[in-house]
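# Summary of structural features
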Amino acid sequence: MSDSNPYIPPKVWTHNKPSGGRFANINRPVSGATHEKPLPRGKHPLQLYSLATPNGVKVTVMLEELLELGFTGAEYDAWLIRINEGDQFGSGFVEVNPNSKIPALLDVSGSKPVRVFESGAILLYLAEKFGALVPTDPALRAECMSWLFWQMGSAPYLGGGFGHFYAYAPEKIEYAIDRFSMEVKRQMDVLNQRLAQNRFVGGDEYTIADIAIWPWYGGMAKGLLYDAGEFLQVHEYTNVVRWADEIGKRPAVIRGRKVNRVMGNLDSQLHERHDASDFETRTQDKLQASEKVD
Ligand SMILES: N[C@@H](CCC(=O)N[C@@H](CS)C(=O)NCC(=O)O)C(=O)O
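Residues numbered from 1 in each chain as written. Predicted model: local features only at pLDDT ≥ 70, side-chain atom pairs only at ≥ 80, totals over all residues.

## Quick word on the overall build of the chain
Condition: In this description a helix means any DSSP run of H or I spanning at least four residues, a strand means any run of E spanning at least two, and both kinds are numbered starting from the N terminus. Two things to know: the radius of gyration comes from C-alpha atoms, and the globule rule equals 2.2 Å times the number of residues to the power 0.38.
The helix and strand inventory of the chain stands at 10 helices and four strands. Beginning at the N terminus, the succession of helices and strands in the chain can be written as β-α-β-α-β-β-α-α-α-α-α-α-α-α. Taken over C-alpha atoms, the radius of gyration comes to 20 Å for the chain, in line with the 19 Å a tight globule of 294 residues would show. With the principal axes as the frame, the chain shows a C-alpha extent of 65 × 50 × 45 Å.

Right, dumping it as structure tokens:
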């Protein structure tokens, strides 16, 4: 777009050409399944259909934290949904999430399966199911919920706004990058000020608010998202960095980050998880080494 050739929106928008941005091939202006494909089911009470994006990691970290706390009912099968290949538009996936986005959870522990979609709803569902990682005191619970919903409302500006225009759009549009950089820096400052006074986002306790916020804002503070650490000077958010480092060392977080991961070091990729032992035996480094021997 240039001043000499400005875009003038027509009276009615039509989907007449691909946008050209990264992931444009999977974007459509309609919802629903594009093909018949039932979802696989494993042996555990919880069936997760996901990918290790920041939204996906929230749920695998939550499940690993619950297992770490001793809740055996949180045993899960994690199936890989490759969103670049359109798996989220298969008929089985759409039955679990009509919005066609990971993560999606099916709880098959009761007489009828319960579907849950939207990462915030999944965290809350699991926290309530097991009575863990969400405070019972009304004031603390309200604080935890406020930060959980803050994340759900804020992250689309970070990902869909800043990340999209800074990293994925086919051209760099100064207006859009300025607008979303300003907003992301404001959000990082909100969190930084909160964490200056509190060890965790909700207060003294580690909760689902931290689990929701960490993959996005912790990732941003550590310079892991969109290669934008220097651009946004994220090291300045020292309290967020301190909090991100502390959470990143938790064993459940280290495990949860690996599940459904298809990028990075081979030993950090556990494409599917069906058993706790898979972390030792089925990461990509191990699978590829055993293929070479065979
Ligand atoms: N608000 C949703 C957002 C989920 C979401 O955006 N998922 C992305 C990956 S992080 C996705 O599945 N994208 C596939 C698509 O848009 O077709 C949540 O928190 O669960």
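The discussion continues.
## Section: the sheet that holds strand S2 (residues 76-80)
Where we set the bar: A pair of strands is considered paired only if DSSP assigns at least 2 bridges between the two. A fitted line through C-alpha atoms serves as each axis, taken over the contacting stretch for helices, and the angle formed by two N-to-C directions is quoted from 0 to 180°. Placing a C-beta atom from the backbone of each residue, one calls two residues in contact when those atoms lie within 7 Å.
Taken in spatial order, the four strands of this open sheet run S2-S1-S3-S4, and their pairing is mixed. Looking along the sheet, the strands with just one partner apiece sit at the ends: S2 and strand S4 (114-117). Sheet twist, expressed as the mean angle between neighbouring strand axes with direction ignored, is 20°. Against the sheet, helix H1 (residues 54-68) engages strand S1 (46-50), S2 and strand S3 (104-107), with an angle of about 155° to S1.

## Points about the nonpolar core
Rules: The term nonpolar core refers to a set of buried Ala, Val, Leu, Ile, Met, Phe, Trp, Tyr and Cys residues connected through C-beta atoms within 7 Å. Neighbour density around each residue's C-beta defines its exposure: 20 or more other C-beta atoms within 10 Å make it buried, 12 or fewer make it exposed, and counts between make it partly exposed, where C-beta atoms are placed from the backbone.
In terms of nonpolar packing, the biggest core is built from 67 residues, with Met62, Leu123, Ile208 and Val240 touching the most fellow members. Top contributing element to this core by residue count: helix H6 (residues 208-221), with 10 residues. Residues in contact with Leu123, not counting those within four places in the same chain, are Lys58, Met62, Leu148, Ile208, Ile211 and Ala212.

## A closer look at the site of the ligand
Quick note on the threshold: Using a C-beta atom placed from the backbone, a residue is described as near a molecule or strand when that atom lies within 6 Å of it. Following the grouping adopted for this structure description, the nonpolar residues are Ala, Val, Leu, Ile, Met, Phe, Trp, Tyr, Cys and Pro, the charged ones are Asp, Glu, Lys and Arg, and the polar ones are all others, Gly among them.
Taken together, the neighbourhood of the ligand is formed by Ile26, Thr53, Asn55, Ile83, Gln88, Ser100, Lys101, Ile102, Pro103, Glu118 and Ser119. Here the residues of the shell around the ligand sort into four nonpolar, five polar and two charged.

## A short note on unusual backbone geometry
Look at the link from Ile102 to Pro103: it is a cis peptide, with omega at 0°. Inspection of the secondary structure assignment puts Pro103 in the loop between helix H2 (91-96) and S3. For Tyr226, which is not glycine, the phi torsion reads 60° and is therefore positive. If you trace the backbone, Tyr226 turns up in the loop between H6 and helix H7 (238-248). For Tyr226, a count of 20 C-beta atoms within 10 Å corresponds to the buried category.

## Side note on the environment of Leu225
Inspection of the secondary structure puts Leu225 in the loop between H6 and H7. The class for Leu225 is buried, based on 24 C-beta atoms found within 10 Å. A sequence separation of 66 residues divides Leu225 from Gly159, and the C-alpha atoms of the two residues are 9.0 Å apart.

## Remarks on the environment of Val241
Along the chain, Val241 turns up in helix H7. A tally of 18 C-beta atoms within 10 Å means that Val241 is categorised as partly exposed. The residues contacting Val241, other than those within four sequence positions of it, are Ala221, Lys222 and His235.

## Observations regarding the pairing of S2
Heads up, the rule is: For the handedness criterion, the strands are oriented away from the viewer, and a crossover whose path from the first strand over the helix to the second runs clockwise is classed as right-handed.
Burial of S2 is extensive: five of the five residues sit out of reach of the surface. Both faces of S2 are covered, namely the face carrying Tyr76, Ala78 and Leu80 and the face carrying Asp77 and Trp79. With five bridges joining them, S1 and S2 adopt parallel strand pairing. Residue pairing for S2: Tyr49 is matched across the bridge by Trp79. Regarding topology, H1 serves as the crossover connection from S1 to the parallel S2, and that connection is right-handed.

## Quick notes on the pairing of S3
Examined bridge by bridge, S1 and S3 share four bridges and lie antiparallel to one another. Paired with Gln47 across the bridge in S3 is Leu106. In this antiparallel pair of consecutive strands, S3 and S4, the connection spans six residues.

## Concerning the packing of H6 against H7
Quick note on the threshold: Angles are sorted into four bins: roughly parallel if under 35 degrees, roughly antiparallel if over 145, roughly perpendicular if 65 to 115, and oblique for all others. In this scheme the crossing of two helices becomes right-handed for a clockwise turn of the near helix relative to the far one and left-handed for an anticlockwise turn of less than a right angle.
Packing of H6 against H7 brings their axes to within 9 Å, and their N-to-C directions diverge by 120°. Classified by the interaxial angle, the pair formed by H6 and H7 is oblique. Where H6 crosses over H7, the two elements pack in a sense that is left-handed. Together, Asp210, Trp214, Tyr217, Gly218 and Ala221 of H6 and Val240, Val241, Ala244, Ile247 and Gly248 of H7 make up the contact between the two elements. For the contact of H6 with H7, a count of residues per class yields seven nonpolar, two polar and one charged.

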